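Chain residues, written in single-letter form:
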Protein chains: 2
Amino acid sequence: MPSASKSWLLLCGFVLFYIIYLLFGALVFSSIERPAEDELRRDTQRLKEAFLNQSCVSAATLELFLSRVLAANKHGVSVLRNSSGRSNWDLASSMFFANTLVTTVGYGHPTPLSDAGKAFSIVYALLGVPFTMLVLTACVQRIMQPLVLAPVGLLQRSGLKPRPATVVHFLLLLAAVVLCCLLAPAAVFSALEASWTFLDSVYFCFISLCTIGLGDFVPAARPGQPYRALYQVAVMVYLFIGLMMMYLLLRTFHKMADVHGLTTFFQLPRCEASLLADDTEPIVGNDPTPPRPKDKAATKPLDPGSQPSYNSINKG
Amino acid sequence: MPSASKSWLLLCGFVLFYIIYLLFGALVFSSIERPAEDELRRDTQRLKEAFLNQSCVSAATLELFLSRVLAANKHGVSVLRNSSGRSNWDLASSMFFANTLVTTVGYGHPTPLSDAGKAFSIVYALLGVPFTMLVLTACVQRIMQPLVLAPVGLLQRSGLKPRPATVVHFLLLLAAVVLCCLLAPAAVFSALEASWTFLDSVYFCFISLCTIGLGDFVPAARPGQPYRALYQVAVMVYLFIGLMMMYLLLRTFHKMADVHGLTTFFQLPRCEASLLADDTEPIVGNDPTPPRPKDKAATKPLDPGSQPSYNSINKG
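Residues numbered from 1 in each chain as written. Chains lettered and ligands numbered in written order. Predicted model: local features only at pLDDT ≥ 70, side-chain atom pairs only at ≥ 80, totals over all residues. Heavy atoms only, no water.

(A) Representation of the overall build of chain A. A tally of regular secondary structure across chain A gives 11 helices and zero strands. Seen in sequence order, chain A has helices and strands lined up from the N terminus as α-α-α-α-α-α-α-α-α-α-α. Expressed as a percentage of the 316 residues in chain A, the buried residues total 56%. Taking all contacts inside chain A whose residues are at least 6 apart in sequence as the whole, residues at least 24 apart take part in 70%. (Helix = DSSP H or I, 4+ residues; strand = E, 2+ residues; numbered from the N terminus. Buried < 20%, exposed > 50% of the residue type's maximum accessible area, 1.4 Å probe, protein only. Contact = heavy atoms within 4.5 Å.)

(B) Structural view of the domain arrangement of chain A. Residues and elements named next belong to chain A. Segmentation of chain A into domains returns domain 1 (12-78) and domain 2 (87-268). For domain 1 versus domain 2, the distance between C-alpha centres works out to 28 Å. On the side of domain 2, 33 residues touch domain 1, which itself brings 26 residues to the contact. Buried area between domain 1 and domain 2, summed over both chains or domains, comes out near 2500 Å², and the portion from carbon and sulfur atoms is 73%. By the criterion of area lost to domain 2, the three top residues of domain 1 are Y18, Y21 and F29, representing 29% of everything that side buries. Across the contact surface, domain 1 and domain 2 share zero salt bridges. Seen at the junction of domain 1 and domain 2, the total is 10 residue pairs in polar contact (both at pLDDT 80 or more). For the side of domain 1 that touches domain 2, a count of residues per class yields 17 nonpolar, four polar and five charged. (Domains from an automatic or database assignment. Buried area = accessible area lost by both parts, 1.4 Å probe. Salt bridge = Lys/Arg side-chain N within 4 Å of Asp/Glu carboxyl O. Polar contact = N/O pair within 3.5 Å; in protein donor to acceptor, adjacent residues only side chain to side chain. Nonpolar A, V, L, I, M, F, W, Y, C, P; charged D, E, K, R; others polar.)

(C) The arrangement of the UniProt feature "domain: Potassium channel" (unreviewed entry) in chain A in detail. Residues annotated by UniProt as "domain: Potassium channel" (unreviewed entry) correspond here to residues 81-144 and 178-256 of chain A. Within the segment residues 178-256 of chain A, helix and strand shares are 71% and 0% respectively, and the terminal C-alpha atoms sit 19 Å apart. (UniProt positions renumbered as here; feature names shortened; annotations may be inferred.)

(D) Examining the pattern of salt bridges more closely. Summed over all chains, the structure comprises 12 salt bridges over all chains. Across the pair D200(B) and K118(A) runs a salt bridge, and its minimum N-O distance is 2.9 Å. Of this pair, D200(B) sits in helix α6 (residues 198-209) while K118(A) sits in helix α4 (residues 115-157), placing the two residues on different chains. The burial state of D200(B) is the same as that of K118(A); both residues are buried. A salt bridge links R41(B) to E37(B), with the nearest nitrogen and oxygen atoms 3.7 Å apart. Taken together, the positions of R41(B) and E37(B), both in helix α1 (residues 3-53) and four residues apart, correspond to about one turn of that helix. Taken together, the shared-partner salt bridges in this structure form one network comprising D115(A), K118(A) and D200(B).

Set out below in structure tokens:
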């Protein structure tokens, strides 16, 4: 099979497995957490009714009532009337939670209530976080050619020297990412979420794409949100594409730092080269550097003899 | 200056600047957020007093009261009596928040209240996240020799072939990291935090070191915590060392995957080689692979002529 076809087949397999893994996580989280949540919700409602039925409210009873209300709220169970109907652990919400775990965004709304949920979160993230990194790396690897290598080649052909070409390209890519992954989605969020200002939305997008995920703003958390499940899936897709673009930006910056000798100056690892056969084709013909032995190894991916040893990697 | 001394000097400079950056962030966050927090706290207390003073509690007044209590709680201002004294934005807590921003852990307790705080969070993370990655990379780069290259060399000298040696080393390192960065700190947390079980503590350590940071468990958040500031600084140091070890584990796994041909099989970038002069020394003499041109470039870090061009990097 040609290398390019195999590469795309592998990527499709990765993405498909990623979606299956999210669905699997959603099913497990939903089945573990929903009963615990229902019980907590019933308890909180009973507590509220009992509080309302008493003749006089003392400071001590209010304190006790509030402490239990806040404890339930910490786990995403609100005592308020207008939010008592919806679950945080339906299939779409559980998938959203699974997604925030494996991407390491981790908003923390909701969080697992039960010990089984916590233990499953550990196992799920243990496998899911590296796998998500693998899928993101594989995706970025495939978009390097059209979004980085080709444009830099074009800039160089248009007369720019390699160093300025990398800087111009990086700035253009940065502007595109800020526009398409930060400002445009922020405008959509501020239109969809009634209480979010544009600054709140930009802040949410930025905090999410840096994987900080503070959780003070979480989309689709408003009671009575129309098309909630669809909205949550759309946010998941946005997060995936956004993280991919952030990673692409980081790799492009790293490559630019290489060209400018910054990684060598700071004695840091260079940005690893692309091993895709497509990428090893020279983009611009005027580069006199001869291909290195590594290139040859890349064209024989499954020949064990072509694998470098641990020490040769350390030296390379 | 010898390369090794320069390398350590650079690392010390990085770490020092990292601490200064955290202190600077703490000062700014504290000065921006503390007035907003004080105002919210006063409002919430007034609201509670007014609620207690009314003669009868209707469902509607309770609903309104609770919605405002929960909104204040979202920003870390609790209405409860025993937590009304402490601020979330004293110097140590602000530094803790700054640290969770730049490491992308982001527990989300507390979160900025004011627009100025949100805007500063964006700018602070924009510079801080890449810088923290740089510091962590530089630190990991320096501990690769004693914790990865030397032990693998030792295992190879003791008669193991390169591939099994990398697997044995990775498993040993994994066991050490699980013990020292997960189980031992979890035991300490479950002793220090009254309401945390051992599972809760393991869950907290794991979720933190994966930078998910859900925020359902945050150390030093209990009211009346003794030596709170010291405890928060200790947690920051733990997070830094833990993240460093997670990154080391990831790089070691990546290198192992290289040796076993997995990166080539999945057509992913290889683990970048160390550029440190120390690291380029062969550990075991029996490796027949000749040094590649890249090695020579690494020994002349500041000679512009030795820098690879963008295209040669793409091909390499």
